[in-house]
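What the coordinates show
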Amino acid sequence: MKSFDGEVLASEILSALSGFLPSYQAREFVSYLLGVDYKDLHNHLSRKIELLGYKKFIVKKVFEGYPVSYVTKSREFFGYEFYVDERVLIPRHETEILVEEALKIDIKKPKVLDICTGSGVILATYLLQKVDATGVGVDISLPALEVAMINLRKHNLIDRSYLVCLDAVRNLESVNISEFDIILCNPPYISNNEKLPNSVLYEPHQALFAEDNGYYFYKKLLRIIYKSCKEDTIIFFEIGDGMSEELKKIFSGKEISFIEDFTGKKRVLKWINSK
């Protein structure tokens, strides 16, 4: 980790951060330190940043792996700005594929259920794009739902959505899932044995890790959804890299397909339910 102290050029911090952070995150953090708009950063790179007190502390934390989005309390997703903090998983751009695929479904006044909603960005983005849609977000974590509520309010979606705190693998039927046209879910799917970068480990473990080598939620929700949702409901699951072959076995006999992300990895499982 590079050590910074005193007055440091913004360009020097940006260069050091770019060695281990995606470019947009490095630029986002330096913009935050300078107090300037991200889009205008190039005009301020010759400025010096005085690294004392909190700024020195937070720069050190970021170089140790602390997520930039938890510092700035914001994350861009699908072109919208959302609030995030340590209570929720940081939305990944790969997850935008799930929303894109759901938006391709042509249903008038669709009702959508977002399981494991977390920060609420999937639900909020869908509703922002489909202005005649209504939706429900469920999550086992009340702190996560507090963040989701911030985002629904931020984007004026309260009148078209509500949130429910429940355990999806035990009490999902309580939200009457038979009424939904589309179900979205980005569940925890990382195996407890998998090694992750330090930055990821700052995020809520409950939203990351799943038993049964990461397949726990897919197996449980398959049974619940198949039993309780209406025929022709369309379900979209985000999946991890390398999970598709095992999921073909788990969903054997079901009408499923896989959608690749921008890196060519199978990222979304699409399931059209039929009885």
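Below, the structure is looked at part by part.

Rules of the game
Residues numbered from 1 in each chain as written. Predicted model: local features only at pLDDT ≥ 70, side-chain atom pairs only at ≥ 80, totals over all residues. Heavy atoms only, no water. Helix = DSSP H or I, 4+ residues; strand = E, 2+ residues; numbered from the N terminus. Rg over C-alpha atoms; globule rule 2.2 N^0.38 Å. Buried < 20%, exposed > 50% of the residue type's maximum accessible area, 1.4 Å probe, protein only. Areas by Shrake-Rupley, 256 points an atom, 1.4 Å probe, with all protein chains shown as cover. Pairing = 2+ DSSP bridges. Axes fitted to C-alpha atoms, helices over the stretch in contact; angles between N-to-C directions. Phe/Tyr/Trp six-rings, centres within 6.5 Å; stacked < 30°, edge-to-face > 60°.

1. Looking at the overall build of the protein chain
- Scanning the protein chain from terminus to terminus reveals 10 helices and 13 strands.
- Computed over its C-alpha atoms, the radius of gyration of the protein chain comes to 20 Å, within 12% of the 19 Å expected for a compact globule of 275 residues.
- The C-alpha extent of the protein chain, read off along each of the three principal axes, is 65 × 40 × 30 Å.
- The buried share among the 275 residues of the protein chain stands at 53%.
- When the accessible surface of the protein chain is summed, it comes to about 13100 Å², and 49% of that surface belongs to carbon and sulfur atoms.

2. Structural notes on the sheet that holds strand β12 (residues 255–260)
- An order of β7-β6-β5-β8-β11-β13-β12 is seen for the 7 strands of this open sheet, with the pairing classed as mixed. Looking at the sheet topology across the chains shown, the edges are occupied by β7 (161–165) and β12. Averaged over all adjacent pairs, the angle separating strand axes in this sheet is 20°, with direction ignored.
- Where strand β5 (residues 111–115) meets strand β6 (residues 134–139), 5 bridges bridge the pair, whose relative direction is parallel. The partner of Ile115 across the bridge, within β6, is Val138.

3. Quick word on the packing of aromatic side chains
- Taken as a whole and assessed by the stated rule, the structure comprises 11 aromatic pairs.
- Centroid distance Phe29 to Tyr32: 6.4 Å. Interplanar angle 20°. Geometry classified as stacked. Of the two residues, Phe29 and Tyr32 both sit in helix α2 (residues 23–34), 3 residues apart, roughly one turn of that helix.
- When its relative accessible area of 0% is taken as the criterion, Phe29 is described as buried.
- On the numbers, 6.0 Å between centres and 65° between planes, the contact of Phe237 with Phe251 is edge-to-face. Of this pair, Phe237 sits in strand β11 (residues 234–238) while Phe251 sits in the loop between α10 (244–250) and β12, and the two are 14 residues apart along the sequence. For the residue pair Phe237 and Phe251, the accessibility class agrees, reading buried in each case.

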